[in-house]
Amino acid sequence: MFKKMLVGCVFGGAAVGAWAGTSWDLAADWSDTVNPNGAWSLNQGASPLPNVASFTAAGTSAIPAQPAWAPSNAAGNYLPMWMKARATVADSWQVGDVLVHSTDSSNGVGNGIANVTWTSPFSGTAKVSGALWEIRDIGRANVWTLFHNGAALATGTLVDGDGHGRLNPETFLFSGLAVSAGDVLMLAVASAFPRAGELAGVNFTIAQVSAVPEPATYLLMLGGIAALAIGLRRQGRVRAPI
């Protein structure tokens with residue numbers, strides 16, 4: 001019994017360090033009041049965007065008034081923008097969808113490119129997946145790129161008529177990406193035509209596949225092994241009754 005308990009403690013500690021079953025989802029983790037929000041940050045370039053309580057793109061688009069992350073709601077300076085839709089607008093834009101609008105030559109000049117970053121809280125491997133789709137067909141296009149610590153992992157273009165709507169988005173998937181604590185995954189969305197930015201829908205999720213045991217876990221394992229050795233030694237000294 002003594003052996004089983006110690007072995008359970010030793011290898012139980014190893015299992016905790018190796019697998020935590022944690023996941024992050026941009027839409028599910030969304031906040032309309034806090035940015036950065038945990039591991040997520042919604043940005044223009046390297047700067048987190050401020051909150052606009054009633055964003056309407058200065059009244060120039062079909063966006064219903066709602067909270068958004070944008071530099072302002074003023075004409076010429078309301079892009080880039082991130083929001084989680086509170087209303088359904090056509091089939092490609094439904095309640096709960098995360099939307100981004102890229103900057104262009106007439107709005108957000110001098111502002112950074114729209115991007116969302118996720119900073120890894122662990123070291124190990126992660127499953128990284130996502131999807132992007134075009135919201136409208138009005139003669140515009142966006143280029144998206146997924147980066148890991150500044151190195152491009154995947155890229156694509158959303159162009160009018162390419163068929164990448166909400167039901168058939170462009171996707172990316174990395175099933176076992178090695179990450180270290182503090183690593184940054186960034187999904188950036190930029191206008192393919194400098195004259196006009198455009199709306200896009202975004203899904204972005206990260207799931208922890210495995211983790212490198214923390215130093216405390218190693219100490220737990222070593223302590224358990226030492227206790228097991230001492231216990232076995234003591235048991236070896238006990239003689240059976242005659």
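Everything discussed here concerns the structure shown above.
So, here's what we can say about the structure. (Residues numbered from 1 in each chain as written. Predicted model: local features only at pLDDT ≥ 70, side-chain atom pairs only at ≥ 80, totals over all residues. Heavy atoms only, no water.)

1. A word on the nonpolar core
Working step 1: Counting residues in each nonpolar core, the largest one holds 34 residues, and the members touching the most others are Leu26, Trp82 and Phe204.
Working step 2: Of all the elements, strand β14 (residues 199–211) adds the most residues to this core, at five residues.
Working step 3: Counting 16 residues, the second largest nonpolar core, distinct from the first, contains Phe55, Ala68, Tyr78 and Ile135. (Core = buried A, V, L, I, M, F, W, Y, C linked by side-chain atoms within 4.5 Å. Buried < 20%, exposed > 50% of the residue type's maximum accessible area, 1.4 Å probe, protein only. Helix = DSSP H or I, 4+ residues; strand = E, 2+ residues; numbered from the N terminus.)

2. A closer look at the sheet that holds strand β2 (residues 40–44)
Working step 1: Across the sheet, which stays open at both edges, the six strands sit in the order β3-β2-β8-β13-β10-β11 with antiparallel pairing between neighbours. Since the sheet does not close on itself, it has two edges, and those belong to β3 (47–48) and β11 (151–159), each with one partner.
Working step 2: Note that strand β10 (residues 141–148) and strand β13 (residues 184–191) share seven bridges and pair antiparallel. In the sheet register, Thr145 faces β13, and the bridge partner there is Ala188. (Pairing = 2+ DSSP bridges.)

3. Comments concerning the packing of aromatic side chains
The description of two aromatic rings rests on the distance between their centres and on the angle between their planes.
Working step 1: All chains considered together, the criterion is met by seven aromatic pairs.
Working step 2: Here Trp118 and Phe122 contribute two aromatic rings whose centre-to-centre distance is 6.4 Å and whose plane-to-plane angle is 65°, an arrangement assigned as edge-to-face.
Working step 3: A residue is classified by how much of its surface remains accessible, and Phe122, at 6% relative accessible area, is buried.
Working step 4: Where Trp144 meets Phe172, the ring centres are 5.6 Å apart and the plane angle is 35°; that geometry is what we call tilted. You can see Trp144 sitting in strand β10 and its partner Phe172 sitting in strand β12 (residues 170–179), a full 28 residues away along the chain.
Working step 5: Its relative accessible area of 3% is what places Trp144 among the buried residues.
Working step 6: Joined through ring pairs, the aromatic side chains of Trp40, Trp144, Phe172 and Phe204 make up one cluster. (Phe/Tyr/Trp six-rings, centres within 6.5 Å; stacked < 30°, edge-to-face > 60°.)

4. So, the side chain of Ser120
Working step 1: Note that Ser120 resides in the loop between β8 (114–119) and β9 (124–134).
Working step 2: By relative accessible area, Ser120 is classed as buried at 4%.
Working step 3: Here the side chain of Ser120 touches Phe122 through a polar contact of 2.7 Å, landing on its backbone oxygen.
Working step 4: Other than its neighbours up to four places away in sequence, Ser120 contacts Val179, Ser180, Ala181, Gly182 and Asp183. (Polar contact = N/O pair within 3.5 Å; in protein donor to acceptor, adjacent residues only side chain to side chain. Contact = heavy atoms within 4.5 Å.)

5. Digging into the pattern of salt bridges
Working step 1: This structure, assessed with the given rule, holds three salt bridges.
Working step 2: A salt bridge links Asp97 to Arg166; the nearest nitrogen and oxygen atoms lie 2.8 Å apart. On the criterion of sequence distance, the pair formed by Asp97 in the loop between β6 (81–84) and β7 (98–101) and Arg166 in the loop between β11 and β12 is long-range, its members being 69 residues apart.
Working step 3: In this structure, Arg136 engages Glu198 in a salt bridge whose closest nitrogen and oxygen atoms are separated by 2.7 Å. Here Arg136, found in the loop between β9 and β10, pairs with Glu198, found in the loop between β13 and β14; they are 62 residues apart in sequence, far enough to count as distant.
Working step 4: Residue class for Arg136 comes out partly exposed when judged on its relative accessible area of 25%. (Salt bridge = Lys/Arg side-chain N within 4 Å of Asp/Glu carboxyl O.)

6. Description of the side chain of Ser72
Working step 1: As for its position among the elements, Ser72 is in the loop between β5 (66–69) and β6.
Working step 2: The exposure class assigned to Ser72 is buried, which follows from its relative accessible area of 17%.
Working step 3: Within the structure, the side chain of Ser72 is placed 3.0 Å from the backbone nitrogen of Ala74, a separation counted as a polar contact.

7. Section: the pairing of β8
When a strand is regular, its side chains alternate between the sheet's two faces.
Working step 1: Among the six residues in β8, five count as buried, and that is most of the element.
Working step 2: Inspection of the sheet shows β2 paired to β8 by five bridges, in the antiparallel sense. By the bridge assignment for β8, Gln44 is matched with Ala114.
Working step 3: One ladder, built from six bridges, connects β8 with β13; its direction is antiparallel. If you follow Trp118 over to β13, its bridge partner there is Leu185.

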